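# Chain and residue survey
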Amino acid sequence: MTWSLCETSAVLAQQPVAPSGSPRVGLQLPGSSASAGLTAIPERQRGWRGGSWRCPQDPRARAGCPARRPQDPGGYPCRGESAGAAAAAVPFPPPPRGAPPPARMLEEAGEVLENMLKASCLPLGFIVFLPAVLLLVAPPLPAADAAHEFTVYRMQQYDLQGQPYGTRNAVLNTEARTMAAEVLSRRCVLMRLLDFSYEQYQKALRQSAGAVVIILPRAMAAVPQDVVRQFMEIEPEMLAMETIVPVYFAVEDEALLSIYEQTQAASASQGSASAAEVLLRTATANGFQMVTSGVQSKAVSDWLIASVEGRLTGLGGEDLPTIVIVAHYDAFGVAPWLSLGADSNGSGVSVLLELARLFSRLYTYKRTHAAYNLLFFASGGGKFNYQGTKRWLEDNLDHTDSSLLQDNVAFVLCLDTVGRGSSLHLHVSKPPREGTLQHAFLRELETVAAHQFPEVRFSMVHKRINLAEDVLAWEHERFAIRRLPAFTLSHLESHRDGQRSSIMDVRSRVDSKTLTRNTRIIAEALTRVIYNLTEKGTPPDMPVFTEQMIQQEQLDSVMDWLTHQPRAAQLVDKDSTFLSTLEHHLGRYLKDVKQHHVKADKRDPEFVFYDQLKQVMNAYRVKPAVFDLLLAVGIAAYLGMAYAAVQHFSLLYKTVQRLLVKAKTQ
């Protein structure tokens, strides 16, 4: 039979209390099979020796051994006693002389517990085990709350002409902070693009931050234009210097945004005036440990930069003039995996493919088959000092005896960023002389723009080649160095414009109507030069191609395909689906379509690419170290109080007793 503490206290209260110094009297519990049988047995005979029990051999004394359990009348047998011979026992040993009578102590303790239970209306066991029950029945935290996994894209890392650019590290394992924190050393600094500035970026680098993670909006097209322009201006400055700090970019989602907000709150609490408030907020705030799954980056050996060429052969003799149309297909930005290059230079590739389609139809019929060779070249490595064009020129001019570039090159037209704006600029390294075909093309561009598209502002921009710079300004300078007449057509007036090298150059930045209009201008000017329409008396306001011939839907589909995937030179190898699709597309209209590959010299490489450009980052929810410290202090204080209560129980009991008596008298 099981007895609770309150029931035992009630039974004790009903038993007669012997006078002080009289023999101990046995106690009969209801439901027990025998009485304690301790009458007239002195304490020493019953086994009390100096404050501890010694079980004597006297059968009557053994019956009062306190080692017995109150819930079992038989109790545990003493040494030398069988379990069957044990009698029912009272579980409370007599205290030393001078202590309060145990019956009175238990009576008052039972009264206290009874009042507590009556006031709480809850079982004592439920109160004791309530925390454990809550921990067991509470639903576990979702995995996303404890850890979040997301994809990050590392900043550019490459060597060009022996000069290192971009970030040099890829490993990250540190705690997250925002710019609101006063100390950023060895922390992963989270920044949102909407709040990003170059000054904040420099501050994080100066304080030796462990890493920088820039959070980009999910819809880049919805970013305000002032933010886009500001970041486009910052990107070249970020890449112009080498940094040891790993720099990553991530596209925000709900979980990542929640991590940023919680980190922002924890970082802002560090600036509070009160030290206690700082300690409390730091202990209660949630921290996040940012860890990347990759390893340290290393150089990629034997990387090939591929280009694609094709031609349309003119009608006539062998020594026909050749017009070369060039556009580099690769994109560039602060992060290779985010470089979509819509305007620079997806628009140029779109116009090149459309021109190939238009002139392939004209060259199909003998009556419109012109006496010009047309050579189309989609170059690779354009953003790395036009490495594909440079090696292509070397192979065609220095290492072969038969090439269209060796014979009679009329001019080279390079297309770059022609997908937006209300102006067109023809960039030249040397102004063309009158009487040449390049001068004729310049005049035809002016005529078509003035008479057929008066809303377009056209001009020629002259800039000499600066060989002291590590990177050439425009692609036509590669041809001009080899003394080939060339120019670049772009809606940008300066080669330093940030729109040419930005991850913000997305599909929405290319206006379909503007791209179609510029395609018509270029096609009209080329046609008038190739077929000599001006000298034949064709009016300048008469279009050669109608709107139905240059289809906007065709250009849009090509632009969608180009901007559907990143086209950084480090990501497009010779076996990529992009190159095979581009080669197939050119093969529909041109002859002798083939790839041209460039490999860096092993002894003195002009360019070196590195891996680990795309990784998986894990954000683990952690508590700060001060939380562990406060938790340890709290546990130590609790254990200290419990130890003091046990060691000084009599003093604690007397204090509680006085308080109870005082409360009763009131």
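Residues numbered from 1 in each chain as written. Predicted model: local features only at pLDDT ≥ 70, side-chain atom pairs only at ≥ 80, totals over all residues. Heavy atoms only, no water.

### So, the overall build of the protein
On a plain count of helices and strands, the protein comes out with 18 helices and 22 strands. Burial statistics for the protein: of 666 residues in total, 47% are counted as buried. Within the protein, counting contacts between residues at least 6 apart in sequence, those at least 24 apart form 77% of the total. Element-wise, carbon and sulfur atoms account for 56% of the exposed surface of the protein, whose accessible area totals about 33100 Å². (Helix = DSSP H or I, 4+ residues; strand = E, 2+ residues; numbered from the N terminus. Buried < 20%, exposed > 50% of the residue type's maximum accessible area, 1.4 Å probe, protein only. Contact = heavy atoms within 4.5 Å. Areas by Shrake-Rupley, 256 points an atom, 1.4 Å probe, with all protein chains shown as cover.)

### A word on the layout of surface pockets
Summary: where empty space remains is shown by rolling a probe the size of a single water molecule over the atoms. Put simply, the second largest pocket is a space of about 780 Å³. Along its surface, the second largest pocket is lined by 22 residues, and P236, F332, V471, H495 and S501 are the ones closest to its centre. With four residues, helix α7 (residues 225-240) is the single largest residue contributor to the lining of the second largest pocket. When grouped by side-chain class, the residues that make up the lining of the second largest pocket number 11 nonpolar, four polar and seven charged. (1 Å grid on protein atoms, 1.4 Å probe; cavity = no way out; pocket = protein on both sides within 12 Å on 5 of 7 lines; lining within 4 Å. Points joined across faces, edges and corners; volume = space filled by probe spheres on them. Nonpolar A, V, L, I, M, F, W, Y, C, P; charged D, E, K, R; others polar.)

### Here we look at the packing of helix α15 (residues 552-562) against helix α16 (residues 577-587)
Contact geometry of α15 with α16 gives a least axis separation of 12 Å together with a crossing angle of 160 degrees. Here α15 is positioned roughly antiparallel relative to α16, judged by the angle of their axes. You can see that α15 and α16 cross each other, and the crossing is left-handed. In this structure, α15 contributes Q554, W561 and L562 to the contact, and α16 contributes F578, T581, L582 and H585. Here the residues of the contact of α15 with α16 are counted per class, giving four nonpolar, three polar and no charged. (Axes fitted to C-alpha atoms, helices over the stretch in contact; angles between N-to-C directions. Parallel < 35°, antiparallel > 145°, perpendicular 65-115°, else oblique. Left-handed = near helix turned anticlockwise from the far one by under 90°.)

### Considering the pairing of strand β16 (residues 409-415)
With seven of seven residues buried, β16 is to be regarded as a mostly interior element. Pairing between strand β14 (residues 322-328) and β16: five bridges, direction parallel. Bridge pairing in β16 links I323 to F411. (Pairing = 2+ DSSP bridges.)

### Let's talk about the pattern of salt bridges
Within this structure, the stated rule accounts for 20 salt bridges. A salt bridge links E446 to R443, with the shortest nitrogen-to-oxygen separation between them at 2.9 Å. Pair noted here: E446 and R443 are both in helix α12 (residues 437-451), with a separation of three residues, about one helical turn. With its nearest N and O atoms 3.3 Å apart, the salt bridge here joins R496 to E469. Placement of the pair is R496 in the loop between β19 (486-490) and α14 (512-530) and E469 in the loop between β18 (457-462) and α13 (476-481), with a sequence separation of 27 residues. Here R496 falls in the exposed class, since its relative accessible area comes to 61%. What makes E469 partly exposed here is its relative accessible area of 28%. A single salt-bridge network, built from bridges that share partners, covers D159, R168 and E242. (Salt bridge = Lys/Arg side-chain N within 4 Å of Asp/Glu carboxyl O.)

### A closer look at the packing of helix α10 (residues 342-362) against α14
The N-to-C vectors of α10 and α14 enclose an angle of 45 degrees; their axes lie 10 Å apart at closest approach. Regarding the angle of α10 to α14, the classification is oblique. The handedness of the crossing between α10 and α14 is right-handed. The residues of α14 that touch α10, namely those facing S347, S350, V351, E354, L355, L358 and F359, are L515, T519, I522, A523, L526, T527 and I530.

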